[in-house]
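As a plain string of letters, each chain reads:
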Protein chains: 2
Amino acid sequence: MAIDIKSSQEFLQAKKQAMCKLNNAYNEKKVDNDILPLLDLINSIDQYYTTSSCAGRIVLLELPRIGDKKNASFLGKWHRPINREEFSNAAKRAKKGWIWFFAQSPILHLAAKNVNDAEKLVKLSISSGFKNTGIRSLGKKIIVEISSTERLDCPIGKDGKLFCARKYKDILVETANELLNRSQEKLDVLQDEIERKFLF
Amino acid sequence: MAIDIKSSQEFLQAKKQAMCKLNNAYNEKKVDNDILPLLDLINSIDQYYTTSSCAGRIVLLELPRIGDKKNASFLGKWHRPINREEFSNAAKRAKKGWIWFFAQSPILHLAAKNVNDAEKLVKLSISSGFKNTGIRSLGKKIIVEISSTERLDCPIGKDGKLFCARKYKDILVETANELLNRSQEKLDVLQDEIERKFLF
């Protein structure tokens, strides 16, 4: 099965534009450093180009109602491990609504030249531990989302007050940091696997 | 674009087998009641058949190390809202390792006749609120995974002891129940949308 959704020329043109956008994002320091080598690797392969990415993050969020992410506001957002003081200072900003603490694993969107290429990367990503990977769109562009299952999603307070005691806060921060570090290791594994499959 | 991955005959044969398996699962009461109408609806459409499903669940798990789900053991598992006593009784079974509390949203796997059909259902599911939906496999079978993003993933204790106070336990249980109820509502929305798109 080798099905071209867009012609090679159209794909190349779209890749060129995406690389230009990525370059601007690099220069404005809007790309997570931890994921840069993986992005560069993927973009060095003819059949793919990346369209967006996050290397994983720790987030403290305030939501008016459970699940209402549309009307949520960030109390804190970090793309690196954090310490107890950072957590506490961010939590102090809470006023009204539910306070949730998240550790989110990496997420990466990329376009593939054809369905075959997309499938190849989906398989490789799943076997590298990114179990939530799949083809999200087959329309104008073939978009693959690479993502993982590990995360922390905890309701930790309401209306400015935390439910959890000091010791528990420390454990939440420690766990979020550990998940973030594991994410980085998983990105390294994925990078090795892509190199092995596509470059050698 | 209309690409048949398997011939109609092969697809029909595989669907027949899957329906036989599903029927056995029905009879052994191994299918969540809450998701049955959706499964029946999807299976009534020529282009699809379901291969596995979970209507969403609440889980109390014991893990030797963070993220080590392979060696985890269930302390409690429910496909319905729970009460404080059920939570506490399950937590009492904990002995060694991390205790995590999860609320997991519905997940549904289905085979589609061709890539076009798969894409149609991916789009519909994403727009119905199942944001994690994607094509997982394009090999022998075209498999779509329908899943959502809402969840609760909390480390709540270690080596048999809970970190969280009684009041916080109540809030965790309440939140998990709410997420489960919201899952059911989302399944209803998806069902309505599929009916609208495919049956009328």
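Just above, that's the structure.
Position numbers for residues start from 1 in each chain and track the written sequence from start to end. Labels follow written order: the first chain is A, the first ligand is 1, and so on. In keeping with the predicted nature of the model, local features appear solely for residues at pLDDT of at least 70, side-chain atom pairs appear and are counted solely at 80 or more, and the whole-chain, interface and lining totals rest on all residues. Working from all heavy atoms in the structure, the side-chain values ignore hydrogens and water.

**Here we look at the overall build of chain A**
Part 1 of the argument: Broken down by element type, chain A carries five helices and nine strands.
Part 2 of the argument: A helix here means a DSSP run of H or I that spans at least four residues, while a strand means a run of E at least two residues long, and both kinds are numbered starting from the N terminus. When the elements of chain A are put in sequence order from the N terminus, they spell out α-α-β-β-β-α-β-β-α-β-β-β-β-α.
Part 3 of the argument: If one aligns the C-alpha atoms of chain A with their principal axes, the spans along those axes are about 55 × 35 × 30 Å.
Part 4 of the argument: In chain A, buried positions account for 53% of the 200 residues.
Part 5 of the argument: For this analysis, residues touch if any pair of their heavy atoms sits within 4.5 Å. Expressed as a percentage of contacts within chain A between residues at least 6 apart in sequence, the contacts between residues at least 24 apart total 70%.
Part 6 of the argument: The Shrake-Rupley method, run with a 1.4 Å probe sphere, supplies the accessible areas, and residue values consider only the shown protein chains as cover. Summed over all atoms, the accessible surface of chain A reaches about 9700 Å², with 48% contributed by carbon and sulfur.
Part 7 of the argument: When charges are counted, neither His nor the chain ends are considered; positive counts come from Lys and Arg and negative counts from Asp and Glu. Here the site of a charge means NZ on Lys, CZ on Arg, CG on Asp, or CD on Glu. On chain A, the mean spot of the 34 positive side-chain charges and the mean spot of the 25 negative ones are 7 Å from each other. Classification of residues uses two cut-offs on accessible area relative to the type maximum, computed with a 1.4 Å probe and protein chains only: under 20% is buried, over 50% is exposed, and between them is partly exposed.

**Notes on the interface of chain A and chain B**
Part 1 of the argument: Between chain A and chain B, the contact holds 37 residues from the first and 37 residues from the second.
Part 2 of the argument: Buried area counts how much accessible surface, traced with a 1.4 Å probe, disappears from two parts once they are put together, with both parts' losses summed. Across the chain A to chain B interface the summed buried area is about 3200 Å²; carbon plus sulfur atoms make up 61%.
Part 3 of the argument: Three residues stand out in chain A for area buried against chain B, namely Ile66, Arg136 and Tyr168 of chain A, and they jointly supply 20% of the buried area on that side.
Part 4 of the argument: Nitrogen and oxygen atoms within 3.5 Å of one another constitute a polar contact, given that in protein one can donate a hydrogen and the other can accept it, and given that sequence-neighbouring residues count only through two side-chain atoms. At the junction of chain A with chain B, the criterion picks out 12 residue pairs in polar contact (both at pLDDT 80 or more).
Part 5 of the argument: Secondary structure elements with two or more residues in the side of chain A that touches chain B: strand S4 (98-104), helix H4 (115-127), strand S6 (134-137), strand S8 (151-158) and helix H5 (166-199) of chain A.
Part 6 of the argument: Each residue is assigned to one of three groups, with Ala, Val, Leu, Ile, Met, Phe, Trp, Tyr, Cys and Pro labelled nonpolar, Asp, Glu, Lys and Arg labelled charged, and all others, Gly among them, labelled polar. Taken together, the residues of the side of chain A that touches chain B break down into 21 nonpolar, eight polar and eight charged.

**What about a negative patch on the surface?**
Part 1 of the argument: Each patch is built from residues that are more than 30% exposed by relative accessible area and take part in no salt bridge. Like charges join if they lie within 9 Å; nonpolar side chains (Val, Leu, Ile, Met, Phe, Trp, Tyr) join within 5 Å. One speaks of a salt bridge when a side-chain nitrogen belonging to Lys or Arg is within 4 Å of a carboxyl oxygen belonging to Asp or Glu. Together, Asp34, Glu174, Glu178, Glu185, Asp188 and Asp192 of chain A make up a region of like negative charge exposed at the surface.
Part 2 of the argument: Its location among the elements puts glutamate 174 of chain A in helix H5.

**Examining the relation of the copies chain A and chain B**
Part 1 of the argument: Each copy of the sequence occupies a distinct position, and chain A is placed on chain B by a rotation of 180 degrees and an axial shift of 0.0 Å, giving an RMSD of 0.0 Å. The superposition of one copy onto the other is thereby described by a two-fold rotation axis.
Part 2 of the argument: In this assembly the copies share their binding face: 100% of the residues contributing to the interface of chain A also contribute to that of chain B. We place the copies in one frame by least squares, fitting the C-alpha atoms of every residue whose pLDDT is at least 70 in both.

**Examining the pattern of salt bridges**
Part 1 of the argument: Applying the stated criterion to the full structure yields 20 salt bridges over all chains.
Part 2 of the argument: Taking the shortest distance from any N to any O, the salt bridge between glutamate 86 of chain B and arginine 80 of chain B comes out at 2.6 Å.
Part 3 of the argument: Each of Glu150, Arg182 and Lys186 of chain A takes part in one network of salt bridges that share partners.

**Here's the deal with helix H2 (residues 36-43) of chain B**
Part 1 of the argument: Of all eight residues that make up H2 of chain B, six are buried, and the element is covered over most of its length.
Part 2 of the argument: Here H2 of chain B has its buried residues at Leu36, Leu38, Leu39, Leu41, Ile42 and Asn43 of chain B.

**Overview of the packing of aromatic side chains**
Part 1 of the argument: When two rings of Phe, Tyr or Trp (its six-membered ring) have centres within 6.5 Å they constitute a pair, described as stacked for plane angles under 30 degrees, edge-to-face for angles over 60, and tilted for the intermediate range. For the structure shown, the criterion picks out 13 aromatic pairs over all chains.
Part 2 of the argument: Look at tyrosine 48 of chain A and phenylalanine 198 of chain A: their rings are 5.5 Å apart centre to centre, the planes differ by 90 degrees, and that puts the pair in the edge-to-face class. You can see tyrosine 48 of chain A sitting in strand S1 (residues 48-54) and its partner phenylalanine 198 of chain A sitting in helix H5, a full 150 residues away along the chain.
Part 3 of the argument: Where phenylalanine 11 of chain B meets tyrosine 49 of chain B, the ring centres are 5.3 Å apart and the plane angle is 50 degrees; that geometry is what we call tilted. Taken as a pair, phenylalanine 11 of chain B in helix H1 (residues 8-27) and tyrosine 49 of chain B in strand S1 (residues 48-54) lie far apart in primary sequence, 38 residues in all. The exposure classification of phenylalanine 11 of chain B matches that of tyrosine 49 of chain B, with both residues buried.
Part 4 of the argument: Feature note: the residues Trp98, Phe163 and Tyr168 of chain A together with Trp98, Phe163 and Tyr168 of chain B constitute an aromatic cluster, connected by ring pairs.
Part 5 of the argument: Taking NZ or CZ as reference, lysine 186 of chain B lies 5.5 Å from the ring centre of phenylalanine 130 of chain B, over its face. Throughout this description, the term charge over a ring refers to an Arg CZ or Lys NZ atom that lies within 6 Å of the ring centre and within 35 degrees of the ring normal.

**Some details on the environment of arginine 196 of chain A**
Residues and elements named next belong to chain A.
Part 1 of the argument: Here arginine 196 is to be found in helix H5.
Part 2 of the argument: Judged by its relative accessible area of 53%, arginine 196 falls in the exposed class.
Part 3 of the argument: It is 50 Å that separates the C-alpha atoms of arginine 196 and glycine 160, two residues lying 36 residues apart in sequence.

**As for the packing of helix H3 (residues 84-91) of chain A against H5 of chain A**
When two helices pack together, their arrangement is captured by the angle between the axes and the distance separating the axes.
All names here are of chain A.
Part 1 of the argument: At a closest axis distance of 10 Å, the pairing of H3 and H5 adopts a crossing angle of 110 degrees. Looking at the two axes, H3 sits roughly perpendicular to H5. As H3 runs across H5, the sense of the crossing is right-handed. Taking contact as the criterion, the partners of Arg84, Phe87 and Ser88 in H3 are, on H5, Arg166, Lys169, Asp170 and Val173. Only the stretch in contact is used when a helix axis is fitted, and all axes are lines through C-alpha atoms; the angle between N-to-C directions ranges over 0 to 180 degrees. Should an angle fall under 35 degrees it is taken as roughly parallel, and over 145 as roughly antiparallel, whereas 65 to 115 is taken as roughly perpendicular and any remaining angle as oblique. It is the rotation of the near helix from the far one that decides the hand of a crossing: anticlockwise by less than a right angle makes it left-handed, clockwise makes it right-handed.

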